[in-house]
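If you want the building blocks of each chain, they are given just below.
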Amino acid sequence: MLRGIFEIARGMWLTGKQIFKRRQTYQYPEQKRPVRTRFKGRHELRRYENGLERCIGCALCAAACPADAIFVEASENTDAQRFSPGERYASTYEINMLRCIFCGYCEDACPTQAIVLGDNYELTFTDRSQSIYTREKLLVPVPPGGQPTPQQVEPGTFNRSIPVMKNPE
Ligand code: SF4
Ligand code: SF4
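Residues numbered from 1 in each chain as written. Chains lettered and ligands numbered in written order. Predicted model: local features only at pLDDT ≥ 70, side-chain atom pairs only at ≥ 80, totals over all residues. Heavy atoms only, no water.

Asker: Where do I start with the sheet that holds strand β2 (residues 70–76) in this structure?
Answerer: Paired through backbone hydrogen bonds, the strands of a sheet run either parallel or antiparallel to each other. Ordered in space as β2-β3-β5, the three strands form an open sheet in which the pairing is antiparallel. A strand with exactly one partner marks an edge of an open sheet, and here the two such strands are β2 and β5 (132–134). Each strand axis lies, on average, 20° off the axis of its neighbour in the sheet, ignoring direction. Relative to strand β3 (residues 88–96), β2 runs antiparallel, the two being bridged by seven bridges. (Pairing = 2+ DSSP bridges. Helix = DSSP H or I, 4+ residues; strand = E, 2+ residues; numbered from the N terminus. Axes fitted to C-alpha atoms, helices over the stretch in contact; angles between N-to-C directions.)

Asker: Looking at this model, I keep getting lost on the site of ligand 1. Mind explaining?
Answerer: Looking at ligand 1, there are 13 residues lining it, with C65, C100, C103, G104 and C106 nearest. Its atoms largely coinciding with the cavity grid, ligand 1 occupies the largest cavity. (Near = heavy atom within 4 Å. 1 Å grid on protein atoms, 1.4 Å probe; cavity = no way out; pocket = protein on both sides within 12 Å on 5 of 7 lines; lining within 4 Å. Sits in = over half its atoms within 2 Å of the grid points.)

Asker: Got a minute to help me understand the layout of surface pockets in this structure?
Answerer: Left-over empty space is what a probe sized like a water molecule reveals as it rolls over the atoms. The computed volume of the largest pocket comes to approximately 170 Å³. Taken together, R22, R23, Q24, T25, Y26, R33, P34, V35 and R36 make up the lining of the largest pocket. Of the residues belonging to the lining of the largest pocket, the class tally is three nonpolar, two polar and four charged. (Points joined across faces, edges and corners; volume = space filled by probe spheres on them. Nonpolar A, V, L, I, M, F, W, Y, C, P; charged D, E, K, R; others polar.)

Asker: How should the pattern of salt bridges be read in this particular structure?
Answerer: Side chains that carry opposite charge are capable of pairing whenever their charged atoms lie near each other. Taken as a whole and judged by the stated rule, the model has six salt bridges. Close ionic contact of E7 with R10 constitutes a salt bridge, the shortest N to O distance being 3.5 Å. Pair noted here: E7 and R10 are both in helix α1 (residues 2–16), with a separation of three residues, about one helical turn. Note on E7: relative accessible area 32%, which makes it partly exposed. Between D79 and R82 there is a salt bridge, with the nearest N and O atoms lying 3.1 Å from each other. Assessed through its relative accessible area of 5%, R82 is described here as buried. Shared partners join several salt bridges into a network, and the residues in it are E53, R135 and E136. (Salt bridge = Lys/Arg side-chain N within 4 Å of Asp/Glu carboxyl O. Buried < 20%, exposed > 50% of the residue type's maximum accessible area, 1.4 Å probe, protein only.)

Asker: Hey, could you run me through the site of ligand 2 in this one?
Answerer: Surrounding ligand 2, one finds 13 residues, the nearest of these being C55, C58, A59, C61 and C110. Its residues assigned to classes, the shell around ligand 2 comprises 11 nonpolar, two polar and no charged.

Asker: I'm lost on unusual backbone geometry in this one. Help?
Answerer: A negative phi holds for most residues other than glycine; trans holds for most peptide bonds. Between Y28 and the following residue, P29, the backbone shows a cis peptide bond with an omega angle of 10°. Structurally, the position occupied by P29 is in the loop between α1 and β1 (43–45). Residue P150 is bonded to the preceding T149 through a cis peptide linkage, with omega at 0°. Examined against the element boundaries, P150 turns out to sit in the segment after α4 (135–138). Phi angles above zero are rare outside glycine, and A59 is one such case at about 70°. With respect to the helices and strands, A59 occurs in the loop between β1 and α2 (60–64). Of note in this structure, D68 is not a glycine but carries a positive phi near 55°. Looking at the secondary structure, you find D68 in the loop between α2 and β2. Residue classification places D68 among the exposed positions, given a relative accessible area of 53%.

Given below as structure tokens:
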């Protein structure tokens with residue numbers, strides 16, 4: 001009898017002391033939990049400040065992908081129809097999110113920092129075709145002051161595929 005009362009009191013104490021602890025639940029989707037610094041979420045295809053796409057269609061990301069989730073097809077840039085600096089741009093860029101394991105190897109392999117795994121973890125789809133994230137879906141919006149692609153540019157302005165990079169400070 002005494003033992004029973006003791007066990008009930010112990011249970012109530014264990015439960016009751018949670019009231020004074022910091023709350024761990026979030027009212028998702030209204031309230032979103034901040035992600036960790038190195039979190040790897042939905043991919044983005046980045047642009048330069050002038051709006052040109054960083055992706056040059058080299059397919060190094062596809063070669064590095066262990067899940068064979070990326071498909072890239074490159075086409076030629078011209079100065080009248082320029083999508084990215086250099087000779088080529090990715091006319092087709094697709095990631096199959098059903099295959100992706102969010103390892104980030106594509107980001108590491110990219111020579112222009114075009115493909116980046118961002119903070120967005122809201123990846124829902126209701127059929128297999130929606131799991132293919134296309135170039136149009138992955139491209140970030142044109143930054144303020146930039147122009148959408150394709151751009152008409154002065155001949156010879158953007159000959160280098162990979163911009164000159166500075167050594168890290
Ligand atoms: S995060 Fe990994 S698995 Fe996903 S597309 Fe990039 S390289 Fe492939
Ligand atoms: S995202 Fe980067 S690695 Fe992939 S095709 Fe474009 S430039 Fe090349």
